[in-house]
Amino acid sequence: MNPMNRLKDKVAVVGVGTTSYGSFPEMTDYGLAAQAFKAALADCGLAKDRIDGLGTCRIPYYARMGEVLGLDPRWTLHTPGHGRMSGMSIMEAVLALEAGAADYVALLYTNIGRSRRVNYGGEDSAGFWDPWGFTSPGAAHALMFRMHMERYGTTTRQLAEIPVAFRRHAALHPDAVMKEPFTIEQHERARPIVEPLRLLDYCLINDGAVCIILTTAERARDLRQPPVLISGLGARDAFRRSAIANFDPEFWYPEAQDVAQQVYGMAGVGHGDIDAFMCYDNFAPTVLFSLEGLGFCERGESGRFVEDGALGLGGRLPTNTDGGHLSNSYMQGWALNVEAVRQLRGECGDRQVPNCEVVQYVAVTPCTRSIIYTRG
Amino acid sequence: MTARHYDKPLPVIDPDSKGYWEHARRHRLTVQHCVACGDKHFPPGPVCPSCLSDRQEWLQASGKATLVSWVNFHRAYWDGYRDELPYNACLVQLEEGPLVISNLAGGIPENVRMGMPLRVVFDDLTDVVSLPRFVPE
């Protein structure tokens, strides 16, 4: 029994806003975030002064953000630029809204990683294992994928199915950064970064910002857009095994299983009900770990599960219909949650999943979070 | 401090890890051992992650390990690696239990596989830092 069950359908996403994605060296973090905030306000038709909850992720200073936007909230949450923080922030907003700590929460995320030439390794992120030359989240995922290959016989061709499918989706998404399709063969020949992973298994690094506005389901009725309800939540952290950053010898399987039980139980849906799946894809192998951890397939079977375009539009489980982090935009989970909302509203044009009623988000990481969204 | 020029990352030695690097300098591989409950853990911490005891000591490891995973870096995140690409890193499980990152000294063996038995060797990086690496047993 999920102790959060009473929160089912109590909170809605009412407004979403995204900027263009790319390289914007002329913009500040605050400038990009302000654009996303204005877009989200316009989306839901809410007056700015009604926002009394503010979440900032990867934004240097929350108070400066509030100053820029002219806000004096009564609830503020500040999180670092880690991908796991998107799902965590949305959950925190649900709790705050349900507790009455805020009536309307705006969650803001900005990334200027492209213009700042962020490396995600080496001196940018010093760690205990540096003397062995071991660094970067990509290397951690390469270690895990090698283990998956050795344990289960998974192949790089199977892995390629994931970025190939997401790139096809990106080609249908006007905002996506990378739209040029590629084949499994091209994936096999791509530049190796940390083998067994190649360039096309890595997320993009680009600039952009996202805003998500949430309120209670009751208040949501008075706003412009049909509300998208938060019907399920699941959470479990794995810190005891976190000695190697972004790595877990179990691929976070026990935690994801726990999260699956929570999120499906709370939402009252099963795997077969998921119309679209938004899966945190910092690196292609994370998708394999997510499919197994949540129980879409048996442990070790994800390589076979993703074959033959299963994750594509029209496939068994349409996944990351916006192109994900591998091809759309590296918005660290935030854009995937926006895509969930847009799919449920039926706003996705050429990449729309027909009759989309239930969408699941997951980030399988040392802080695994999953959210099930449904049409209100 | 360092007599020879070494242009790759060196350990940041802090109160928790000082003992480990002192032993390594003498070519002794150690893990942290809790005197109170017997837990063996690595990397080191200020208290036992199992029972929170402050009474932590350094236990000399056998130096035997098994290979869990390995990767090949084709990108130099530090300039000092530019001329060495590609270089490997590996994950090994020490006989005592802890999982540690290291390198396969002498490169990735042709018959590499998960579970391959390994033993520790030490590389003297500077006058004060020696690094444990592994070779096939």
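Note: the structure precedes this text.
In this report, we go over the structure that sits alongside the text. (Residues numbered from 1 in each chain as written. Chains lettered and ligands numbered in written order. Predicted model: local features only at pLDDT ≥ 70, side-chain atom pairs only at ≥ 80, totals over all residues.)

## Side note on the overall build of chain B
Then step 1. Secondary structure summary: chain B contains 1 helix and 8 strands in total.
Then step 2. Reading chain B from its N terminus to its C terminus gives the helix and strand order α-β-β-β-β-β-β-β-β.
Then step 3. By the compact-globule yardstick of 14 Å for 137 residues, chain B fits well, its C-alpha radius of gyration being 16 Å.
Then step 4. Principal-axis analysis of the C-alpha atoms places the extent of chain B at approximately 45 × 40 × 25 Å.
Then step 5. Here chain B, with 137 residues, has 28% of them falling under the buried criterion.
Then step 6. Considering only residue pairs separated by 6 or more positions, chain B has 53% of its internal contacts joining residues 24 or more positions apart. (Helix = DSSP H or I, 4+ residues; strand = E, 2+ residues; numbered from the N terminus. Rg over C-alpha atoms; globule rule 2.2 N^0.38 Å. Buried ≥ 20, exposed ≤ 12 C-beta atoms within 10 Å, placed from the backbone. Contact = placed C-beta atoms within 7 Å.)

## Comments concerning the overall build of chain A
Then step 1. Regarding its fold elements, chain A presents 12 helices and 10 strands.
Then step 2. Taken over the C-alpha trace, chain A has a radius of gyration of 19 Å; the compact-globule value for 376 residues is 21 Å, and the two agree within 12%.
Then step 3. With the principal axes as the frame, chain A shows a C-alpha extent of 55 × 45 × 40 Å.
Then step 4. With 376 residues in all, chain A has 59% of them scored as buried.
Then step 5. Counting only contacts in chain A whose residues sit at least 6 apart along the sequence, the fraction spanning at least 24 positions is 77%.

## So, the interface of chain B and chain A
Then step 1. Each partner contributes residues to the interface: chain B has 28 residues there, and chain A has 27 residues.
Then step 2. Residue contributions to the side of chain B that touches chain A peak at 6 residues, all from strand β4 (residues 64–73) of chain B.
Then step 3. For the side of chain B that touches chain A, the class distribution of residues is 20 nonpolar, 5 polar and 3 charged.
Then step 4. Two strands pair when backbone bridges link them, and strand β5 (residues 194–195) of chain A and β4(B) are joined in this way by 2 bridges, in the antiparallel orientation. Each bridged residue has a counterpart across the sheet, and for A:E195 the counterpart in β4(B) is B:N72. (Nonpolar A, V, L, I, M, F, W, Y, C, P; charged D, E, K, R; others polar. Pairing = 2+ DSSP bridges.)

## Regarding helix α3 (residues 85–99) of chain A
All names here are of chain A.
Then step 1. The end-to-end C-alpha separation of α3 is 21 Å, in line with the 21 Å expected for 15 residues at 1.5 Å each.
Then step 2. Buried within α3 are the following residues: M85, S86, G87, M88, S89, I90, M91, A93, V94, A96 and L97.
Then step 3. Trailing α3 by a residue or two, G100 shows a phi angle of about 85°, which is positive. (Expected span 1.5 Å × (residues − 1).)

## Re the packing of helix α8 (residues 253–267) of chain A against helix α9 (residues 284–294) of chain A
All names here are of chain A.
Then step 1. At their nearest, the axes of α8 and α9 sit 7 Å apart, and the two run at 55° to each other. Classified by the interaxial angle, the pair formed by α8 and α9 is oblique. Handedness of the α8/α9 crossing: right-handed. Contacts from Y253, A256, Q257 and A260 in α8 reach S290, E292, G293 and L294 in α9.
Then step 2. Here the residues of the contact of α8 with α9 are counted per class, giving 4 nonpolar, 3 polar and 1 charged. (Axes fitted to C-alpha atoms, helices over the stretch in contact; angles between N-to-C directions. Parallel < 35°, antiparallel > 145°, perpendicular 65-115°, else oblique. Left-handed = near helix turned anticlockwise from the far one by under 90°.)

## Describing the nonpolar core
Then step 1. Core analysis: the largest hydrophobic core is formed by 151 residues, its most contacted members being A:I212 and A:I213.
Then step 2. With 9 residues, the top contributor of residues to this core is helix α1 (residues 29–44) of chain A. (Core = buried A, V, L, I, M, F, W, Y, C linked by C-beta atoms within 7 Å.)

## Focus on the sheet that holds strand β3 (residues 56–60) of chain B
Residues and elements named next belong to chain B.
Then step 1. Strand order in the open sheet formed by 3 strands is β2-β1-β3, with antiparallel pairing between adjacent strands. Taken across any chain shown, the strands that pair with only one partner, and hence form the sheet edges, are β2 (40–41) and β3.
Then step 2. Where strand β1 (residues 30–34) meets β3, 5 bridges bridge the pair, whose relative direction is antiparallel. Note that in β3 the partner of Q32 across the bridge is W58.

## What about the sheet that holds strand β7 (residues 228–237) of chain A?
Residues and elements named next belong to chain A.
Then step 1. Strand order in the open sheet formed by 9 strands is β3-β2-β4-β6-β1-β7-β10-β9-β8, with mixed pairing between adjacent strands. Two strands bound the open sheet, and with one partner strand each, they are β3 (75–79) and β8 (276–279). Along the sheet, successive strands turn relative to each other by an average axial angle of 25°, direction set aside.
Then step 2. With 2 bridges joining them, strand β1 (residues 11–18) and β7 adopt antiparallel strand pairing. Paired with V13 across the bridge in β7 is V228.
Then step 3. Against the sheet, α8 contacts β7 and β10 (367–375), and its axis sits at roughly 155° relative to β7.

## Some remarks on helix α5 (residues 156–171) of chain A
Then step 1. For α5(A), built from 16 residues, the straight-helix expectation of 22 Å at 1.5 Å per residue is met to within 8% by its first-to-last C-alpha distance of 23 Å.
Then step 2. Most of α5(A) is tucked away, with 13 of its 16 residues classed as buried.

## A closer look at the pairing of strand β5 (residues 87–94) of chain B
Residues and elements named next belong to chain B.
Then step 1. With 6 of its 8 residues buried, β5 lies for the most part within the structure.
Then step 2. Sheet topology note: the β5/strand β6 (residues 99–102) ladder contains 4 bridges and is antiparallel. Bridge assignment links C90 to a residue of β6, and that residue is S102.
Then step 3. Between β5 and β6, which pair antiparallel in sequence order, lie 4 residues; one of them, G97, sits at a positive phi of approximately 125°.

## Comments concerning the environment of A:M27
Then step 1. Relative to the helices and strands, A:M27 resides in the loop between β1 and α1.
Then step 2. Taking the C-alpha atoms as reference points, A:M27 and A:F305, separated by 278 residues in sequence, lie 42 Å from one another.

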